[in-house]
Amino acid sequence: MSFEKLLQQSIVWRGFYFITILLVNVVLSRFLQADGTGWIYYLTNFFSFILLIATLSMESGFTFFASNQTISYNKLAWFSIFWTALIAIVISIIIGLYFSKIKTLPLIDTKQYLFYTLTYVCGIVLINFFTVLFYAQQNFWLPNLIMGICNVFLCLAIVWLSNDVENYHAIINLFFVSMIVQGVFIAIAFFITNSILLKLVLPTFSEFKVLLKYSLVALAGNLVFFFVYRIDYWFVRYNTLSCSPEDLGNYIQASKLGQLLLVIPQILASVIFPQTARGFVEKSVNKSIFILFRIFLLLFSVAMLGILLIGDWVFPAIFGQTFNNITIPLLLLLPGIFGVAVLVLLSAYFSGKGKVNMNVKGASLALLVVIVGDVIFIPKYGIYAAAIVSAVAYLINLFYALWYFYKDVHFTFKDLLMFSKADLIWIRNIFFKKQAI
């Protein structure tokens, strides 16, 4: 299947899924308001850190070794089930010990936190592992269709339950349950479509070693990336003198809206990584990265203008009146989000080439900027400082990656900045032309 055809399929089906994610965000925000939504997203941000440690970033290794067929799909599928079960056991033990020995809580609260953690972490583990296996097989439609349908049902359930304020906790529980449901459904779909349900086999020790070695390098990069993109949440959360719970909710929502603009780059990266790992479409990948840089630059400029003009009344109208301080933080973040959009593509390129260390070094530099800047400026200037510092750090990371990309693929400023008619033709072919397989 051609590279352009893969891009087209990925955009359509992952785009459908991300639209349903946005709908979930909207209905949750309207019912829980800024403080409640901020609490949920802050909690899931912490769970995402647990998730990163628990998986050891093996989904990166899955993509690399499944795409170049070094380790078979059925081995990785069964390994995913066993690893998820192991994670569930370890989490249950740790949470039990933490809330009984370190921070004492009533048993009912301990069970609630255990429920939130297990459903979210184990659900996302299954989602991550099995979606990358589907993508390595060039199947973008089935996992995203499953997750999208689950999100639609979640939205309908929240709308139905939101008629009664007493359903507040039921809606939160339903949100977390939906994660494990999606993960289980995707896992079942993979086993059925590949006819491996009765073929229990695991990676050999030597295969596990190379998988672990690759994944640990990716983990180092992803840990740094995680803190680069999320550590500002903690600084905002604990600077109570300059940031209220409503500020946290508005800032996280602004950050999430900015991340929505990363949907297309992430979709494209899910194609670039495995195809670069296969090693036979490098010219198409390089050409696409240049075109996408120019397109992103244009689209982000238009987005900033639109948000500047209508953001102050659109965001409260969509999310509720408590979300009245999104526009300025979002505008301050957007130049950096543009940097991340391009960086997502470059990171996928380097990962596919086996140069994960390039991603680690650039992200480490950005993290240093975020920590120093947040410590100095957030206590005085609040969420506005958090947005500016993050944007600067993201752009520094981008420039670092571009420098190393230049060493691989020599280019000029014209390649990055000069939008042309050929770019429009490329967009038309990706979105509207029926591609040859």
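Above this text sits the structure in question.
Okay, so let's go over this structure. (Residues numbered from 1 in each chain as written. Predicted model: local features only at pLDDT ≥ 70, side-chain atom pairs only at ≥ 80, totals over all residues. Heavy atoms only, no water.)

Moving on: the overall build of the protein. The helix and strand tally for the protein stands at 14 helices and zero strands. Starting at the N terminus and ending at the C terminus, the protein contains elements arranged as α-α-α-α-α-α-α-α-α-α-α-α-α-α. Expressed as a percentage of the 437 residues in the protein, the buried residues total 55%. Sequence-distant contacts, at least 24 apart, represent 86% of the contacts inside the protein between residues at least 6 apart. (Helix = DSSP H or I, 4+ residues; strand = E, 2+ residues; numbered from the N terminus. Buried < 20%, exposed > 50% of the residue type's maximum accessible area, 1.4 Å probe, protein only. Contact = heavy atoms within 4.5 Å.)

Together, L368, I371, V372, V375, I376, F377 and Y381 make up a nonpolar patch on the protein surface, roughly 640 Å² of accessible area in all. Relative to the assigned elements, L368 resides in helix α12 (residues 356-408). Exposure remark for L368: the relative accessible area of 53% places this residue in the exposed category. (Patch = residues over 30% accessible without salt bridge, like charges linked within 9 Å, V, L, I, M, F, W, Y side chains within 5 Å. Areas by Shrake-Rupley, 256 points an atom, 1.4 Å probe, with all protein chains shown as cover. Salt bridge = Lys/Arg side-chain N within 4 Å of Asp/Glu carboxyl O.)

Counted by the stated rule, this structure contains 33 aromatic pairs. For the cation-ring pair, R237 lies above Y42, with the distance from its terminal atom to the ring centre recorded as 5.7 Å. (Phe/Tyr/Trp six-rings, centres within 6.5 Å; stacked < 30°, edge-to-face > 60°. Lys NZ or Arg CZ within 6 Å of the ring centre and 35° of its normal.)

The next subject is unusual backbone geometry. For L56, which is not a glycine, the phi torsion comes out positive at approximately 55°. By the secondary structure assignment, L56 is in the loop between α1 (3-55) and α2 (58-67).

Glancing now at the pattern of salt bridges. Under the counting rule described, the total for this entry stands at one salt bridge. Residues K75 and E207 are paired through a salt bridge, measuring 3.1 Å at the closest nitrogen-oxygen approach. With K75 in helix α3 (residues 73-102) and E207 in helix α7 (residues 205-238), this pair connects stretches of sequence that are 132 residues apart.

This part is about the nonpolar core. The biggest cluster of nonpolar side chains holds 133 residues, and the ones touching the most others in it are F62, F130, L346 and F405. Per-element tally for this core: the top contributor is α1, with 17 residues. Dropping the residues within four chain positions of it, F130 is found in contact with A77, S80, I81, I186, A187, F190 and F191. (Core = buried A, V, L, I, M, F, W, Y, C linked by side-chain atoms within 4.5 Å.)

You can see L365 is positioned in helix α12. Separated by 29 residues in sequence, L365 and Y394 place their C-alpha atoms 9.7 Å apart. For L365, the contacting residues outside a window of four places in its chain are I396 and Y400.

Moving on, we get to the side chain of T131. Examined against the element boundaries, T131 turns out to sit in helix α4 (residues 107-136). Of note is the side chain of T131, whose polar atom sits 3.2 Å from the backbone oxygen of N128. (Polar contact = N/O pair within 3.5 Å; in protein donor to acceptor, adjacent residues only side chain to side chain.)

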